[in-house]
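Listed below are the residues making up each chain.
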Amino acid sequence: MAINSSTNEWWRMKLDISPVTRAEEIARRRCNTIIKLVPRNENPDASAVSNMQVDWISEFCAGVLGCRARIFGVQHELEELLHARGVPLDSADLEYHHAALFFAMDSALECLAYAMNAIGWACAASDCKCYSALHDEKALRNINLSNFRKTKNCSNSSCPTFAAIRACWQLPANQKCIDRLTEQHDVTKHRRAAMSGHGQQQSSSTEDDGSFISGLTAMAYNPPADYILHTNIKTLPVEKAQASALGKPSGRTLQEQHLNGEVYFLSELMADYNVLIEETARRFESDIEKLLANAEHSKSQTDQPDGAEANGLN
Ligand SMILES: [Zn+2]
């Protein structure tokens, strides 16, 4: 992790999601404790045919690999933005790196949600509707981050809760980061460019009051020290026109807009994401360990020959 705040070298941050990899290794080793069977087909006569075992572990591992791959993407795009400081890029090229960065940041979390759904569904009772069935394409489309952002409310006491992840994603700072990220990604994917400008690093000869804003001069070009993002990026053109007619935002400095919460900087989003993704990784590992321990406990109970426990044979 770590950003060098004295030099604002947030491009060089390293995201540590090693607990996600550890969780995958643990799940691979112990996956046989979780068996999920579904009817071979939807035919009402299927009762005559044996059920099929679902390969949930492959889906879980694919979700984890997706997450790790997206984090590679985040690191790559940060390196590209670092490179962009020395080589003036076409605005479209710069915007491309932002769009790819937002995709990778958002998708890393989405892939983890897919992995959690896979093991959650495998562990859940067959009548539990909390997770999407892995053999139902329509149901899989419903998997998203919001499935893991609310407090879980299921009458089935054995239903997997992912309590640690939920608590993490409900923290106000993390909620804000996820909301910003999904909105930026949504806009760059479906609508238009998201970046509204970039600031130039202030030369050492000029006055610096130590604040981050003082290290920027708005909208100057080379080398960019940071990138400006709008808080309400989905504001409609008519609303922008209204704001402009009221003397906003024109005529005000970037610092005023920032203090007013109308804009923020990519470096802020990256710092928040750093905290979010590393804490998510740690909690993912602890939730998966807990699920596997519960599954092993349940399996050991059902594997007991009748009366074995009472006779002290376990
Ligand atoms: Zn449930």
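Residues numbered from 1 in each chain as written. Predicted model: local features only at pLDDT ≥ 70, side-chain atom pairs only at ≥ 80, totals over all residues.

Student: What's the story with the overall build of the chain in this structure? I'm lost.
Tutor: A tally of regular secondary structure across the chain gives nine helices and six strands. Residue burial in the chain is summarised as follows: out of 314 residues, 30% are buried. Looking at the chain alone, contacts between residues at least 24 apart form 71% of all its contacts between residues at least 6 apart. (Helix = DSSP H or I, 4+ residues; strand = E, 2+ residues; numbered from the N terminus. Buried ≥ 20, exposed ≤ 12 C-beta atoms within 10 Å, placed from the backbone. Contact = placed C-beta atoms within 7 Å.)

Student: I'm lost on the nonpolar core in this one. Help?
Tutor: Note on soluble globular proteins: their nonpolar side chains tend to be buried together. Formed by 63 residues in total, the largest nonpolar core has its most connected members in Ala108, Leu112, Ala115, Ala118 and Ile119. If you list the elements that add at least two residues to this core, you get α1 (18-30), α2 (56-83), α3 (91-123), α5 (163-169), α6 (172-190), β5 (224-230), β6 (263-265) and α9 (266-303). Non-local contacts of alanine 115, meaning those with residues more than four positions away in its chain, are made with Phe60, Gly63 and Val64. (Core = buried A, V, L, I, M, F, W, Y, C linked by C-beta atoms within 7 Å.)

Student: What is the right way to look at the confidence of the model for the chain in this model?
Tutor: Should pLDDT be low for a region, the predicted coordinates there are not to be read in detail. Within the chain, residue pLDDT values average 82, and 80% of them lie at 70 or more. In this model residues 201-222 is a low-confidence stretch, pLDDT under 50, and it forms 32 contacts with partners more than four residues away in sequence or in other chains. Low pLDDT (under 50) marks residues 307-314, which in the prediction has five contacts with non-local residues, meaning those over four places away or in another chain. (pLDDT = per-residue confidence, 0-100.)

Student: I would appreciate a short explanation of the packing of α6 against α9 in the present structure.
Tutor: Packed helix pairs are characterised by how far apart their axes lie and by the angle those axes make with each other. The N-to-C vectors of α6 and α9 enclose an angle of 120°; their axes lie 10 Å apart at closest approach. Of the possible angle classes, the one that applies to α6 and α9 is oblique. Crossing handedness for the pair α6 and α9: left-handed. Every residue of α9 that contacts α6 at Ala173, Asn174, Cys177, Arg180 and Leu181 is listed here: Leu269, Asp272, Tyr273 and Leu276. Grouping the amino acids of the contact of α6 with α9 by side-chain chemistry returns six nonpolar, one polar and two charged. (Axes fitted to C-alpha atoms, helices over the stretch in contact; angles between N-to-C directions. Parallel < 35°, antiparallel > 145°, perpendicular 65-115°, else oblique. Left-handed = near helix turned anticlockwise from the far one by under 90°. Nonpolar A, V, L, I, M, F, W, Y, C, P; charged D, E, K, R; others polar.)

Student: Teacher, can you tell me more about unusual backbone geometry here?
Tutor: As a rule of thumb, non-glycine residues mostly have phi less than zero, and peptide bonds are mostly trans rather than cis. Although it is not a glycine, phenylalanine 162 sits at a positive phi angle of roughly 50°. Residue position: phenylalanine 162 is located in the loop between α4 (137-140) and α5. For phenylalanine 162, a count of 24 C-beta atoms within 10 Å corresponds to the buried category.

Student: Any chance you could explain the environment of arginine 85 here in plain terms?
Tutor: Mapping arginine 85 onto the fold places it in the loop between α2 and α3. Arginine 85 sits in the partly exposed class, given 14 other C-beta atoms within 10 Å. Spatially, the C-alpha atoms of arginine 85 and aspartate 226 are 9.8 Å apart, while their sequence positions differ by 141 residues.

Student: Help me understand α6, please; the structure alone is not making it clear to me.
Tutor: Three- or four-residue spacings in an α-helix give side chains the same orientation, since the helix completes a turn every 3.6 residues. Its 19 residues give α6 an end-to-end C-alpha distance of 27 Å, which sits within 8% of 27 Å, the value for a rise of 1.5 Å per residue. Within α6 the residues assigned to the buried category are Asn174, Cys177, Ile178, Arg180, Leu181, Gln184, His185 and Thr188. For α6, the angular spread of the buried residues around the axis is 165°, confining them to a single face. Residues of α6 that are exposed and point over 90 degrees away from its buried face: Pro172, Asp179 and His190. (Expected span 1.5 Å × (residues − 1). Arc of directions from axis to C-beta.)

Student: Help me understand the packing of α3 against α6, please; the structure alone is not making it clear to me.
Tutor: Two elements in contact, α3 and α6, have axes whose closest approach is 9 Å; the angle formed by their N-to-C orientations is 130°. Judged on the interaxial angle alone, α6 and α3 are oblique. Pair α3 / α6 crosses with left-handed handedness. Where α3 approaches α6, its residues His98, Ala99, Phe102, Phe103, Met105, Asp106 and Leu109 are matched on the opposing element by Ile178, Leu181, Thr182, Gln184, His185, Thr188 and Lys189. The class makeup of the residues in the contact of α3 with α6 is seven nonpolar, five polar and two charged.

Student: What is the right way to read the environment of serine 300 from this model?
Tutor: Its location among the elements puts serine 300 in helix α9. Distance from serine 300 to threonine 33, taken between C-alpha atoms, is 9.2 Å for residues 267 residues apart in sequence.

Student: Which parts of the structure should I look at to understand the environment of valine 275?
Tutor: Relative to the helices and strands, valine 275 is located in helix α9. Taking the C-alpha atoms as reference points, valine 275 and asparagine 174, separated by 101 residues in sequence, lie 8.2 Å from one another.

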